[in-house]
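# Architecture at a glance
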Amino acid sequence: MEKIGFIGTFDKTDFLIYVSRILVEMGKKVLIIDSTVNQKAKYVVPVISPTMSYVTEYEGIDVAVGFSDYNGIKRYLGMPETAALTYDYIMIDMDKAESIESFGIYEANRNYFVTSADLFSLKKGLEVLSGIKLPIQLTKIYFSNIMSDEEDEYLNYLSLGYKIKWQDEKIYFPLQTSDQEVIMENQRTEKIKYKGLSSEYKDALVYLASEIVHDERSNAVKRAFKQLERGII
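Let me begin by describing the structure that accompanies this report. (Residues numbered from 1 in each chain as written. Predicted model: local features only at pLDDT ≥ 70, side-chain atom pairs only at ≥ 80, totals over all residues. Heavy atoms only, no water.)

## Some points on the overall build of the protein chain
Helix and strand content of the protein chain: 9 helices and 8 strands. Computed over C-alpha atoms, the radius of gyration of the protein chain comes to 17 Å, within 12% of the 17 Å expected from 2.2 N^0.38 for 233 residues, which places it in the range of a compact globule. Summarising its shape, the C-alpha atoms of the protein chain cover approximately 45 × 45 × 30 Å along the three principal directions. Within the span of the protein chain, comprising 233 residues, buried residues form 51% of the whole. The long-range fraction of contacts in the protein chain, counting pairs at least 24 apart against all pairs at least 6 apart in sequence, stands at 75%. Per element, the accessible surface of the protein chain, about 11,500 Å² overall, is 50% carbon and sulfur. Of the charged side chains in the protein chain, 28 are positive and 35 negative; the average position of the first set lies 4 Å away from that of the second. (Helix = DSSP H or I, 4+ residues; strand = E, 2+ residues; numbered from the N terminus. Rg over C-alpha atoms; globule rule 2.2 N^0.38 Å. Buried < 20%, exposed > 50% of the residue type's maximum accessible area, 1.4 Å probe, protein only. Contact = heavy atoms within 4.5 Å. Areas by Shrake-Rupley, 256 points an atom, 1.4 Å probe, with all protein chains shown as cover. Lys, Arg positive; Asp, Glu negative; His and termini not counted. Charge placed at Lys NZ, Arg CZ, Asp CG, Glu CD.)

Quick look at the structure:
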């Protein structure tokens, strides 16, 4: 089981769902934990009878909402706290400092800092990391077509004094109106469809999924994604 942290105040719900659906198509068992303040998953992931905290299934993805730690999820699933969750990948969406501690992000297999170039996302996102107790390695995910060197250096400047080691690699997700329109339509129809997404957004999804499964050539990920594009389930 691999734990992967996605830290920051930028909205991460939709792209985590889209990446996770690719992993499910590859036969992986995936849990998304929404531990954010707004709990967007509660509103965009279909559920018959939502409660304060619950786990629901969405196109093969398990989505947990309203939990402050793993033990709460285990209790909900009827598991003893000493048992291990049986997922290939657990994706943790965090925008609170407490979640970093309670979900054991220091021991995660990989952690990402998700942001755009606007100051709120940068500064508020870093605020989440201001109270970390141990050094943490982070890979930047920028929701922008490309960040200038000056903008990237500005984030590095803002994070001086934090216990962060930035990885050299940076991942870019495009911000296009057409992608947002497709995502909103999918939310309304309660489906995960990739048709209509820009090639740049699709490439970013495939790239991130390839990183998560350690598929450097991304052949298996690309095959799974093409099946989803064609509607072959």
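## Digging into helix 5 (residues 119-128)
All of the buried residues along helix 5 are Ser121, Leu122, Gly125, Leu126 and Val128. End-on view of helix 5: buried residues confined to an arc of 140°, all on one side of the axis. In this structure, the buried side of helix 5 is in contact with strand 1 (2-7), helix 4 (97-102), strand 6 (110-115), helix 6 (149-158) and strand 8 (164-173). If you check the start of helix 5, you find a side-chain oxygen 3.2 Å away from the backbone N of Phe120, and it comes from Asp118. (Arc of directions from axis to C-beta. Polar contact = N/O pair within 3.5 Å; in protein donor to acceptor, adjacent residues only side chain to side chain.)

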